[in-house]
Amino acid sequence: MKKILPIFLAVLFLSACAGQETARDTYVAGQEDDEMAIVLSDSKETLVLGIYPTVDDPLRQSVFYFNTTNPLYQIALKEYEDSDQLNADIMTGRAPDIILLPPYFMMDIYADKGVFADLYPLLDADPGIDRADLQENILRAYETGGQLFAMPVTYYIMTATAARANMGEMSSWTLEEMMAYANGLLPESHVFSNHSKSRVLDLCLMLSFEQLTGWNDGGLFDRGLFLKIIHFANQFTPDHYYKSGLIFDQIRDGQVQVEARPVYDLSSVQFLRFIFNEPIVYIGYPTDDGNGSFARSETLVAISQSCPYPEAAWSFLRSMLDEVPQFNFANISLSLPIRKSALEEYMYNYVLTNRPGGRITFRGSDVVFEFYRATEDEKQELRDLIDSITKIRSWDARIDDILREEAQAFLTGEKSADDAADIAANRIEIYLSEIR
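First things first, this report covers the structure right here in the doc.

Focus on unusual backbone geometry
The omega angle of the peptide bond from leucine 186 to proline 187 is 0°, so this bond is cis rather than trans. Mapped onto the elements of the fold, proline 187 is located in the loop between helix 7 (175-185) and helix 8 (197-207). Of note in the backbone geometry, asparagine 277 takes a positive phi value of approximately 60° without being a glycine. Relative to the assigned elements, asparagine 277 resides in the loop between helix 12 (266-276) and strand 8 (280-282).

Written out as structure tokens, the structure is:
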């Protein structure tokens, strides 16, 4: 397959669905001298795509090619400054027709409100693609109640990696097991490279969000777990004393046992193998069930239930699932294609030395790592890691702020642990009562 970007969305799944003319807000993005500027036509029906200003170029390019090749419909962009603005539009019935969702979107808040369309019926009715063409375990990870309200066009894997020799038979661990492991290393060594109080706190709060808040259990705040987390984080290096080091040196010297680093592609696999210099295990982050690695997507696309032309909206989303755009998404941005054949094509053509960043020099040392053509063993390692994914992580930004604020008040000595826990529980209870 040739990597020719100018044709990467030349062939699209077109929809001939007709609908009543509706008064629509329209938006134009791009400068006059920008060859990818989005110029709207008066003769086409317009769908609005809600995005963030920092959205990657591939998505904007997808809009450009859709608008220039689809005779009936066009996409206008509406840019949001933050997720709060998007949430406000969604909750007040003003959601865009198509939405690029934040990576950690709490979908189950909206699932029962009928805000988003289930994409499975649209996918299953499409004669040009089957579920089996896509990485189905990743789709299942994004399901809510058996329905798929958002499609991860691309994704990457959040994981933690360790030397197999240090983990024994463990291929996953719970939060309690991670804490016990860390306590056995302190103070001579640490689990993760960034071992400041705040970083360890952030990690533990993120990984135990649903359990802490009782998100799926009637909203009962787990006070005991919160206390355990903040006391655990308090053992680590104060923020103002923490100094980062070279991960290569930290691992080789035995100061760090686990590297928390996303896996974007084959280069990630090669780099992790290099820094450990021995067999590794993707132990993932602490979890109460299954493997602790999880999927994260920067291109999570949903269709509003109120969209007047759902088939046209699907044709735009569907256009990004073809092999050529999938292949180019993976090459242009650090991500894995959701289409399995595009992943295989990417791995077949993988030679990172032809791309920017073909080598890494560790500052302050003589260590230089150059990427190389992937071996079959490395390709299979990536496939196996992808196949192991069964979940995503999601959380609510406001609850996250509450947890961090109260936990930090304890870490800095402003509040006792009990006071911080009680205030956090009360604030979260009030917030949940407002949004449920």
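Having seen the model, we can carry on.
Here we look at the packing of aromatic side chains
By the definition in use, this model includes 15 aromatic pairs. When the centroid spacing of 5.2 Å and the interplanar angle of 75° are considered together, the rings of phenylalanine 232 and phenylalanine 236 count as edge-to-face. Residues phenylalanine 232 and phenylalanine 236 agree in their burial class; the two are buried. Ring pairing ties together the aromatic residues Phe271, Phe274, Phe369 and Tyr372, which thus form one cluster. We note arginine 131 situated over the ring of tyrosine 120; from NZ or CZ to the ring centre the distance is 3.7 Å. Lying across the ring of phenylalanine 274, arginine 252 places its NZ or CZ 5.8 Å from the centre.

Remarks on the sheet that holds strand 3 (residues 98-101)
Note on sheets: strands pair through backbone hydrogen bonds, and any given pair is parallel or antiparallel. Read across the sheet, five strands follow the order 2-1-3-10-4 without closing on themselves; strand pairing throughout is mixed. Edge positions in the open sheet fall to strand 2 (73-79) and strand 4 (151-152), since each of these has one partner strand only. Judged from the seven bridges that link them, strand 1 (residues 45-51) and strand 2 form a sheet pairing that is parallel. Paired with threonine 46 across the two strands is glutamine 74, which belongs to strand 2. Helix 1 (residues 57-69) contacts strand 1, strand 2 and strand 3 of the sheet and is inclined by roughly 150° relative to strand 2.

Focus on the pattern of salt bridges
Summed over all chains, the structure comprises 21 salt bridges. Across the salt bridge formed by lysine 415 and glutamate 406, the nearest N and O atoms sit 2.5 Å from each other. Exposure remark for lysine 415: the relative accessible area of 27% places this residue in the partly exposed category. Taken together, the shared-partner salt bridges in this structure form one network comprising Arg273, Asp377, Glu378 and Glu381.

Looking at the sheet that holds strand 7 (residues 258-260)
Taken in spatial order, the three strands of this open sheet run 7-6-8, and their pairing is antiparallel. Whereas interior strands pair on both sides, the edge strands pair on one side only; in this sheet they are strand 7 and strand 8. In this sheet, neighbouring strand axes are inclined to one another by 25° on average, regardless of whether the strands run parallel or antiparallel. The pairing of strand 6 (residues 160-163) with strand 7 spans three bridges and is classified as antiparallel. Residue pairing across strands places threonine 161 opposite glutamate 259, the latter belonging to strand 7.

Observations concerning the nonpolar core
By size, the foremost hydrophobic cluster in this structure holds 139 residues, and its most contacted members are Leu101, Phe116 and Phe226. Ignoring any residue separated from it by four or fewer positions in sequence, one finds phenylalanine 116 in contact with Ile90, Ile99, Leu101, Phe105, Met107, Tyr110, Phe149, Ala302, Ile303 and Gln305.

Brief notes about the pairing of strand 3
Working note: regular strand, side chains alternate between the two faces of the sheet. By the alternation rule, side chains of strand 3 split into Ile98 and Leu100 and Ile99 and Leu101, which are all buried. Both strand 1 and strand 3 contribute to a ladder of two bridges, which runs parallel. By the bridge assignment for strand 3, leucine 49 is matched with isoleucine 98.

Digging into the environment of threonine 299
Turning to its location among the elements, threonine 299 is positioned in the loop between strand 9 (294-296) and strand 10 (300-303). Through-space distance from the C-alpha of threonine 299 to that of phenylalanine 329 is 10.0 Å; in sequence the pair is 30 residues apart. Not counting the four nearest positions on each side in its chain, threonine 299 is found in contact with Leu100, Met151, Pro152, Val153, Thr154 and Phe329. There is a polar contact of 2.8 Å between the side chain of threonine 299 and the side chain of threonine 154.

Concerning empty space enclosed by the protein
Applying the stated rule across the entire model yields one cavity of 30 Å³ or more. Looking at the largest cavity, its volume works out to about 50 Å³. Met178, Ala182, His190, Val191, Phe192, Asn194, His195, Val200, Phe232 and Phe236 together form the lining of the largest cavity. Partitioning the lining of the largest cavity into residue classes produces seven nonpolar, three polar and no charged.

Here is what the cut-offs are and how they apply
- Residues numbered from 1 in each chain as written.
- Predicted model: local features only at pLDDT ≥ 70, side-chain atom pairs only at ≥ 80, totals over all residues.
- Heavy atoms only, no water.
- Helix = DSSP H or I, 4+ residues; strand = E, 2+ residues; numbered from the N terminus.
- Phe/Tyr/Trp six-rings, centres within 6.5 Å; stacked < 30°, edge-to-face > 60°.
- Buried < 20%, exposed > 50% of the residue type's maximum accessible area, 1.4 Å probe, protein only.
- Lys NZ or Arg CZ within 6 Å of the ring centre and 35° of its normal.
- Pairing = 2+ DSSP bridges.
- Contact = heavy atoms within 4.5 Å.
- Axes fitted to C-alpha atoms, helices over the stretch in contact; angles between N-to-C directions.
- Salt bridge = Lys/Arg side-chain N within 4 Å of Asp/Glu carboxyl O.
- Core = buried A, V, L, I, M, F, W, Y, C linked by side-chain atoms within 4.5 Å.
- Polar contact = N/O pair within 3.5 Å; in protein donor to acceptor, adjacent residues only side chain to side chain.
- 1 Å grid on protein atoms, 1.4 Å probe; cavity = no way out; pocket = protein on both sides within 12 Å on 5 of 7 lines; lining within 4 Å.
- Points joined across faces, edges and corners; volume = space filled by probe spheres on them.
- Nonpolar A, V, L, I, M, F, W, Y, C, P; charged D, E, K, R; others polar.

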